[in-house]
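Structural overview for review
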Amino acid sequence: MLKQFVQTHLNHRLHKGVLCYLSLGTFLAMLYAGTASYFETIGLILSNKTYLCVFVFPAFLMFFLYYDNDLSCNHFIVTRFTSRKKFLRFRWKSMILHTLVLFVELLLVITILNAILYSLHFRIELYELILPLKKISISNIVYALSRILKVVGGILFLQALLFILKSFTKMESISVILMIGIILFIYVQPTIVHLSFLSFLLPGTHIYQYCSDVSFSLWMVLDFLYFCVVSLLCYFIHFSILQRRSLLGEKI
């Protein structure tokens, strides 16, 4: 059932629209970053806070809103669950699977656009695109993987937070406005909040910041623990709210 639910939304025109929006943002980010090897490009554009806060986060959240609303109001699916806990687990599994599929597609977009721009910049044939592989280093791969984990963690965190906001507010527009405010805060956080112990409690610190006083491996562990803790916290808060609401549409 989960697989069919995901496939239905991947065939929807909104999914194609989101991919086009992400492709536009990726293209603009690559023009700013310049041509480089694949893993270096991933690291560069996924550390661009404008790209993340203007294109990536809004696109993923918009797609999330669509399929979650479709799930919450789908009588056929909801009535198949014998308990609220099972329904909640299905919602969260659906959120994670949708996000991972869309993010893999984003990585494919990055691959295709990077190949096209690289070939145009150096005026080489497509079969010669193996040349950029000579630039790849272990440090670029590790940095790219760390950026992927940070961004995916940030996306899942924002979606989990949107779960909470949707449960607290009766108007979805209010949830959207609040999420826009949160994304704006994440965007400006480095300029108004300096790295400190308290800043470790803020999401922007773990999405695109590093501290030179902390080792890279330890920082990644802290990021992982942070997103795990806040996601579990959102899960339990969401479940406690869901206990007091009807399943269909989450109406009181």
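In short, a report on the structure. (Residues numbered from 1 in each chain as written. Predicted model: local features only at pLDDT ≥ 70, side-chain atom pairs only at ≥ 80, totals over all residues. Heavy atoms only, no water.)

**A word on the overall build of the protein**
- When its secondary structure is counted, the protein shows ten helices and zero strands.
- Each helix (α) and strand (β) of the protein, taken in turn from the N terminus, gives the series α-α-α-α-α-α-α-α-α-α.
- Across the 252 residues that make up the protein, the buried fraction comes to 46%.
- For the protein, contacts bridging at least 24 residues in sequence account for 74% of all contacts bridging at least 6. (Helix = DSSP H or I, 4+ residues; strand = E, 2+ residues; numbered from the N terminus. Buried < 20%, exposed > 50% of the residue type's maximum accessible area, 1.4 Å probe, protein only. Contact = heavy atoms within 4.5 Å.)

**Comments concerning the packing of helix α4 (residues 49-72) against helix α7 (residues 138-168)**
- One can describe the packing of α4 onto α7 by two numbers: an axis separation of 10 Å at closest approach and a directional angle of 45 degrees. The angle between the axes of α4 and α7 places the two elements in the oblique class. Of the two elements, α4 crosses α7, and the hand of that crossing is right-handed. Counting all contacts with α4, which are made through Leu52, Val56, Phe57, Phe60, Leu61, Phe64, Leu65, Tyr67, Asp68 and Asn69, the residues of α7 involved are Arg147, Val151, Gly154, Ile155, Leu158, Gln159, Leu162, Phe163 and Lys166.
- Of the residues that constitute the contact of α4 with α7, the class distribution is 13 nonpolar, three polar and three charged. (Axes fitted to C-alpha atoms, helices over the stretch in contact; angles between N-to-C directions. Parallel < 35°, antiparallel > 145°, perpendicular 65-115°, else oblique. Left-handed = near helix turned anticlockwise from the far one by under 90°. Nonpolar A, V, L, I, M, F, W, Y, C, P; charged D, E, K, R; others polar.)

**Here's the deal with the environment of His9**
- In this fold, His9 is placed in helix α1 (residues 2-10).
- Through-space distance from the C-alpha of His9 to that of Tyr66 is 8.7 Å; in sequence the pair is 57 residues apart.
- Dropping the residues within four chain positions of it, His9 is found in contact with His15, Phe63, Tyr66, Tyr67, Asp70 and His98.

**Brief notes about the pattern of salt bridges**
- On inspection of all chains with the given rule, the structure shows three salt bridges.
- Across the pair Arg91 and Asp68 runs a salt bridge whose closest N-O atoms are separated by 2.7 Å. Placement of Arg91 in helix α6 (residues 84-122) and of Asp68 in helix α4 is noted, with a sequence separation of 23 residues between them. Like Asp68, Arg91 is buried.
- In this structure, the salt-bridge partner of Asp223 is Lys150, at a minimum N-O distance of 2.6 Å. Highlighted residues: Asp223 in helix α10 (residues 216-242) and Lys150 in helix α7, separated in sequence by 73 residues. The same class applies to Asp223 as to Lys150, namely buried.
- Each member of the salt-bridge network shares a partner with another, and the members are Asp68, Arg91 and Lys166. (Salt bridge = Lys/Arg side-chain N within 4 Å of Asp/Glu carboxyl O.)

**Thoughts on the packing of aromatic side chains**
- The full count for this structure, using the stated rule, is eleven aromatic pairs.
- Measuring from ring centre to ring centre gives 5.6 Å for Phe64 and Tyr67, while their planes differ by 90 degrees; the resulting arrangement is edge-to-face. In this pair, Phe64 and Tyr67 both sit in helix α4, three residues apart, roughly one turn of the helix. The same class applies to Phe64 and to Tyr67, which are both buried.
- The interplanar angle of 85 degrees and the centroid separation of 5.1 Å between the aromatic rings of Phe64 and Phe163 together place this pair among those described as edge-to-face. (Phe/Tyr/Trp six-rings, centres within 6.5 Å; stacked < 30°, edge-to-face > 60°.)

**Things to note about the nonpolar core**
- Formed by 58 residues in total, the largest nonpolar core has its most connected members in Leu46, Tyr51, Leu52, Val56, Phe57 and Phe103.
- Breaking this core down by element, the ones donating at least two residues are α2 (13-33), α3 (38-45), α4, α6, α7, α8 (172-192), α9 (203-208) and α10.
- If one sorts the elements of this core by residue count, α7 sits on top with 14 residues.
- In this structure, Leu71, Ile77, Phe87 and Phe90 belong to the second largest nonpolar core, which totals six residues. (Core = buried A, V, L, I, M, F, W, Y, C linked by side-chain atoms within 4.5 Å.)

**Focus: the environment of Ile183**
- You can see Ile183 is positioned in helix α8.
- Note: C-alpha distance between Ile183 and Cys53 (130 residues apart in sequence) is 6.2 Å.
- Other than its neighbours up to four places away in sequence, Ile183 contacts Cys53, Phe57, Leu61 and Leu158.

**A look at the side chain of Thr99**
- Position of Thr99 relative to the elements: it lies in helix α6.
- Residue classification places Thr99 among the buried positions, given a relative accessible area of 2%.
- Not counting the four nearest positions on each side in its chain, Thr99 is found in contact with Phe60, Tyr67, Ile155, Leu156 and Gln159.

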